[in-house]
Amino acid sequence: MLQLCSRTYVAEFTGLWNVQREIAQVLAGDFPLRNASPVNAAAYVRYLMGRHFILQFSLKQLPEIVSLFQEAIALDPQFAQAYAGVADAYFSMAATAATVPPAEVLPKVRFYATRAAELDPSSFDAHVSMGRLKELEGDWTAARRAYERAIELAPGGDGPHPR
């Protein structure tokens, strides 16, 4: 039994991934994205799972995290935050150069961060991803501007979740 968002959640334990997927589906209904565009519910669940796992940060899970965000994009190609999630996962790979050399992931971070910003210029996640891209490129001034814009959009740093 788990107390979650003022709810009690009871489920049969059928494996950690299954329980986490079920919880993500519950949360998907409780925490809508702030953007005005509707998002495919299944895409949103995968996005939430990707964000959950990226916060836990396990190098072994980064390829799985990328897959979750890419599944979200496949389900909803206009879902800017999912593109930002892929960019962030690749940035994490670059930031820990032991996994993948930064030069190898830079084009991927550039593509996904830029696409997120194109799809939703008011997205906190997109601006954070653009800041990370600019860090990889060594453009510290642009990185700072992107991070400052993200803070303007979500002063609490809460990204897609409501206050």
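For the structure, check the block above.
Report follows, based on the coordinates.

Cut-offs applied
- Residue positions are given per chain, counted from 1 along the sequence in the order it is written.
- Residue-level local features of this predicted model are given only where pLDDT is at least 70; pairs of side-chain atoms are given and counted only at 80 or more, and the full residue set underlies all totals for whole chains, interfaces and linings.
- Values shown for side chains rest on all heavy atoms present in the structure; no hydrogens or waters enter the calculation.
- Only DSSP runs of H or I with at least four residues qualify as helices, and only runs of E with at least two residues qualify as strands; both kinds are numbered from the N terminus onward.
- The rule is simple: take the accessible area with a 1.4 Å probe, protein chains only, and divide by the maximum for that residue type; under 20% is buried, over 50% is exposed, in between is partly exposed.
- We call two residues in contact when some of their heavy atoms are within 4.5 Å.
- Per-residue and other accessible areas follow the Shrake-Rupley method at a 1.4 Å probe size, with only the shown protein chains counted as cover for residues.
- The length a helix should cover is 1.5 Å for every residue beyond the first.
- Angular values range over 0 to 180 degrees, each being the angle between N-to-C directions of two axes fitted as lines to C-alpha atoms, with helices fitted over their stretch in contact.
- Convention used here: angles under 35 degrees read as roughly parallel, angles over 145 as roughly antiparallel, angles from 65 to 115 as roughly perpendicular, and any remaining angle as oblique.
- Handedness of a crossing is defined here by the sense of rotation of the near helix relative to the far one, left-handed for an anticlockwise turn of less than a right angle and right-handed for a clockwise turn.
- Each residue is assigned to one class: nonpolar for Ala, Val, Leu, Ile, Met, Phe, Trp, Tyr, Cys and Pro, charged for Asp, Glu, Lys and Arg, and polar for all the others, Gly among them.

### Comments concerning the overall build of the protein
Broken down by element type, the protein carries 7 helices and 2 strands. From first element to last, N terminus to C terminus, the protein shows the α and β order β-β-α-α-α-α-α-α-α. Per-residue burial for the protein yields a buried fraction of 44% across its 163 residues. The long-range fraction of contacts in the protein, counting pairs at least 24 apart against all pairs at least 6 apart in sequence, stands at 57%. Summed over its atoms, the accessible surface of the protein is roughly 8,700 Å², and 58% of this surface lies on carbon and sulfur atoms.

### Section: helix α4 (residues 80-95)
Residue pairs three or four apart in sequence face the same way in an α-helix, which turns once every 3.6 residues. The terminal C-alpha atoms of α4, which comprises 16 residues, lie 22 Å apart, in line with the 22 Å expected from a rise of 1.5 Å per residue. Across the 16 residues that make up α4, a large majority, 15, are buried.

### Side note on the environment of Asn40
Assignment of secondary structure puts Asn40 in the loop between α1 (16-30) and α2 (41-56). The spacing of Asn40 and Gln78 is 38 residues in sequence and 9.6 Å in space, taken between C-alpha atoms. Non-local contacts of Asn40, meaning those with residues more than four positions away in its chain, are made with Leu75 and Asp76.

### Quick notes on the packing of helix α6 (residues 124-137) against helix α7 (residues 140-153)
Contact geometry of α6 with α7 gives a least axis separation of 8 Å together with a crossing angle of 165°. By the criterion of interaxial angle, the relationship of α6 to α7 is roughly antiparallel. Once α6 is placed against α7, the crossing between them reads as left-handed. Across from Phe124, His127, Val128, Met130, Gly131, Arg132, Lys134 and Glu135 in α6, the residues of α7 making contact are Trp140, Ala142, Ala143, Ala146, Tyr147, Arg149, Ala150 and Leu153. In terms of residue class, the contact of α6 with α7 is made up of 10 nonpolar, 2 polar and 4 charged.

Taken by themselves, the reported measurements are silent on function.
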